[in-house]
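This is what each chain is made of:
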Amino acid sequence: MEEIVSLCKRRGFIYQGSEIYGGLAGTWDYGPLGVELKRNVMNAWWRFFVEQRDDMYGVDAAIIMNPKTWVASGHTATFSDPLVECKNCHSRFRADKIDLNDKCPVCGQKDWSEVRQFNMMFETNVGPVKDDKSTAYLRPETAQGIFTNYKNVLDSFYPDLPFGIAQTGKAFRNEISPRDFIFRSREFEQMEIEYFVDPEAWSENFDKLLADIYKFLDQMGIPKDKIHELEVPEADRAHYSKRTIDIEFDFPIGREELLGLAYRTDFDLQNIARESGKSMEYRPKDTSKQPFVPHVIEPSFGVERLIMAILTTAYTQDGDRTYLKLPKSIAPVEKVVSPLLKNKPELVSKACEVYDSLKTAGQKVMWDDSGNIGKRYAKADEIGVPECIVVDFTTLEDDTITIRDRDTTEQKRVKISEIS
Ligand code: ATP
């Protein structure tokens, strides 16, 4: 884990948030390579779950929502973790994550406060007056922006059931103890779907979505033997959920939740109907059937945890070679182009031509003419570049270049016209 964190910082994937001012716990900044990786992952998800299907609709709702949203969803009353404070050094901990029979891990004293519930929503104020009426929250999940647009999508598109609404974007949770790199952050991104079904068809749709999740994880290069289904027992499930599966992954920090799949019944839509006074009923096109409130199945992905799973899977050490075996479709840089020698203008100029033409063709290419070829390959390997292109003297004679493959290190001569 430490090696991955250090690579991420050194090579410009992920930096500590506000590092220059000593950081801000639980926040992370994506650097030039990290932002490309993250966008590639999120775009791949969107393509897979939205664009390539006929039963999905995308939305992009506001992050700050009417506070009634969080009353209806139950977050205002219950989105909390148990908090305990050491009365000696005032360090705060999640009470369910430490043993209160033990001493404080920070100061070594044993003087615990009462355990109290700590609501994890970040508060803010809307407008110039700061009072109770102006209190609002940064959304702690993207899901509610989907539910609150269910009726809009229904009215605009009148889709057949089952259909889903998807949203990706930032979520904020004032976690008591952010930890383990980006695994538990206070600001992170989610990719969520609410899939609306006829209550009688929930089980088969649950299975289909589970199969789709596996297909997508496979595309992200995540091996099946590192993924585990935790069938959440009834006692641990939210009271409204009839079935929840936590998809766990063998992270270097241990087996932990990567994403969730939950059958939420009609809990959310019924709550919204009650709080808003608006009907959430779906009117079947077959008019002999009565209107009803659809049930919902929710796949909920965390982008940071997915990126952590992708990076830890891709991180490969082979002898003295370290490389990121990222799937080609999400690698932040697709190709590195270099002239064999930096001080031969004819090679540099030809390599520039190749670089420009690939860039014009829309590929993500990087230029490297530093050090020797071996070092350039090692640098490209470390950030997961699938292919390195070298322009040499033969190129000037027959318009071929060498392409070197990251995973096999094999080199092939290819016509320039055939590269892309
Ligand atoms: P956990 O039990 O680990 O706190 P959760 O069950 O509260 O997670 P959900 O509310 O189901 O998480 O959120 C859905 C997904 O969002 C999670 O599976 C995870 O991928 C991601 N997620 C939740 N909290 C965080 C966080 N603090 N930092 C990064 N990702 C998160």
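Check the entry above for the structure.
The paragraphs below set out a description of the structure included in this document. Just so we're clear, the structure is a prediction, and the values are computed from it rather than from any experiment. (Residues numbered from 1 in each chain as written. Predicted model: local features only at pLDDT ≥ 70, side-chain atom pairs only at ≥ 80, totals over all residues. Heavy atoms only, no water.)

**So, the layout of surface pockets**
Approximately 1,600 Å³ is the volume found for the largest pocket. If you trace the largest pocket, you find 47 residues lining it, with Phe 79, Glu 141, Arg 173, Asp 246 and Glu 257 closest to the centre. If you list the elements that add at least two residues to the lining of the largest pocket, you get α4 (75–78), β4 (80–85), β10 (187–197), β12 (243–251), β13 (254–265), β14 (295–302) and α9 (303–314). Among the elements that make up the lining of the largest pocket, the one with the highest residue count is β13 (eight residues). Per-class residue counts for the lining of the largest pocket are 17 nonpolar, 12 polar and 18 charged. By volume, the second largest pocket is sized at about 350 Å³. Lining the second largest pocket are 15 residues, with Thr 69, Thr 148, Ile 272, Ser 276 and Lys 278 positioned closest to its centre. Secondary-structure elements contributing two or more residues to the lining of the second largest pocket are α3 (68–73), α5 (143–147), α6 (150–157) and α8 (267–276). Grouping the amino acids of the lining of the second largest pocket by side-chain chemistry returns five nonpolar, six polar and four charged. (1 Å grid on protein atoms, 1.4 Å probe; cavity = no way out; pocket = protein on both sides within 12 Å on 5 of 7 lines; lining within 4 Å. Points joined across faces, edges and corners; volume = space filled by probe spheres on them. Helix = DSSP H or I, 4+ residues; strand = E, 2+ residues; numbered from the N terminus. Nonpolar A, V, L, I, M, F, W, Y, C, P; charged D, E, K, R; others polar.)

**Focus on the site of the ligand**
If you check the shell around the ligand, you find 15 residues, and the closest are Glu 175, Arg 184, Ser 185, Glu 257 and Leu 258. Arg 173 places a polar side-chain atom, nitrogen or oxygen, 3.0 Å from an oxygen atom of the ligand. Between the ligand and the protein, one listed contact pairs an oxygen atom with a backbone N or O atom of Gly 302 at 3.2 Å. Protein burial of the ligand: of its 590 Å² of free accessible surface, 78% is covered by the chains. Among the secondary structure elements, those contributing two or more residues to the shell around the ligand are β10, β13 and β14. In terms of residue count, β13 provides more of the shell around the ligand than any other element does, four residues in total. Of the residues that constitute the shell around the ligand, the class distribution is five nonpolar, five polar and five charged. (Near = heavy atom within 4 Å. Polar contact = N/O pair within 3.5 Å; in protein donor to acceptor, adjacent residues only side chain to side chain. Areas by Shrake-Rupley, 256 points an atom, 1.4 Å probe, with all protein chains shown as cover.)

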